[in-house]
Amino acid sequence: MTRNDRRDLGLLLLRLGAGGVLAAHGTQKLFGWFGGHGIEGTGRFMESVGYAPGKASATAAGLAETGGGTLLALGLATPAAGAAAAGAMAGAAAVHAPNGFFNQGGGYEYAATLGLTAAGLAVTGPGRLSLDHLLGHAVNRGWMIPAAFAATAAGTAVVVGARARRLRKAKEGEQEALFEEEYME
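Please read all numbers here as calculations on a predicted model, not as lab measurements.

Peer 1: Got a minute to help me understand the pattern of salt bridges in this structure?
Peer 2: Proximity of charged atoms lets side chains of opposite charge pair with each other. Inspection of the entire model under this criterion finds 5 salt bridges. Linking Asp5 and Arg128 is a salt bridge whose minimum nitrogen-to-oxygen distance equals 2.9 Å. Placement of Asp5 in helix H1 (residues 3–31) and of Arg128 in the loop between helix H5 (109–124) and helix H6 (131–134) is noted, with a sequence separation of 123 residues between them. Accessibility expressed as a relative area gives 32% for Asp5, which makes it partly exposed. Look at Arg128 and you get partly exposed, because its relative accessible area is 36%.

Peer 1: I would appreciate a short explanation of the packing of aromatic side chains in the present structure.
Peer 2: Two numbers describe a pair of aromatic rings. These are the distance of the centres and the angle of the planes. Inspection of the entire model under this criterion finds 4 aromatic pairs. Between Trp33 and Phe34 the ring centres are 6.4 Å apart and the planes differ by 85°, which places this aromatic pair in the edge-to-face class. Ring pairing ties together the aromatic residues Phe31, Trp33 and Phe34, which thus form one cluster. Geometry around Tyr51 places Arg163 over its ring, the cationic atom sitting 5.3 Å from the centre.

Peer 1: What exactly am I supposed to notice about a nonpolar patch on the surface here?
Peer 2: A contiguous nonpolar surface patch, about 430 Å² in accessible area, is contributed by Met1, Leu9, Leu13 and Leu129. Inspection of the secondary structure puts Leu129 in the loop between H5 and H6. Exposure remark for Leu129: the relative accessible area of 43% places this residue in the partly exposed category.

Conventions adopted
- Residues numbered from 1 in each chain as written.
- Predicted model: local features only at pLDDT ≥ 70, side-chain atom pairs only at ≥ 80, totals over all residues.
- Heavy atoms only, no water.
- Salt bridge = Lys/Arg side-chain N within 4 Å of Asp/Glu carboxyl O.
- Helix = DSSP H or I, 4+ residues; strand = E, 2+ residues; numbered from the N terminus.
- Buried < 20%, exposed > 50% of the residue type's maximum accessible area, 1.4 Å probe, protein only.
- Phe/Tyr/Trp six-rings, centres within 6.5 Å; stacked < 30°, edge-to-face > 60°.
- Lys NZ or Arg CZ within 6 Å of the ring centre and 35° of its normal.
- Patch = residues over 30% accessible without salt bridge, like charges linked within 9 Å, V, L, I, M, F, W, Y side chains within 5 Å.
- Areas by Shrake-Rupley, 256 points an atom, 1.4 Å probe, with all protein chains shown as cover.

Following this line, the structure appears as structure tokens:
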């Protein structure tokens, strides 16, 4: 097996693994599959963590994860697919960031891993064992990589920034306790 063959096989495995996980994660949001809560339940959750309107946010995240993940797994439109999935994971990481890095404490480790893998595949390309290669890379051109990341970064910055403003505004109305509860007994 040549080095190129190994590289293409490795890219296929990365695409199938990360793309499959992303697609499954997105279908939880969109359809309630695999123990998910569908658009309604996910929409309520999105509202509770500051993404509003909740149903629209759930739909956008679900489409980015399902569509981006499926396209990554197929190796089709790889720059757009990877950028969309990375953007969705950046939004998820923003929710989990206050809990630190590690997933076991509710941190952003999982979202960061999927997002960075998707971004890496968008930059590297899908390899020869892909629909992009089969179709002559019609939707996998070099200029598409910065274009996809620029569009995704702009959209993600707007959405995550709006969430941060909503959370700050909600927190302004809260009053901090003057004393710790244990001292009040």
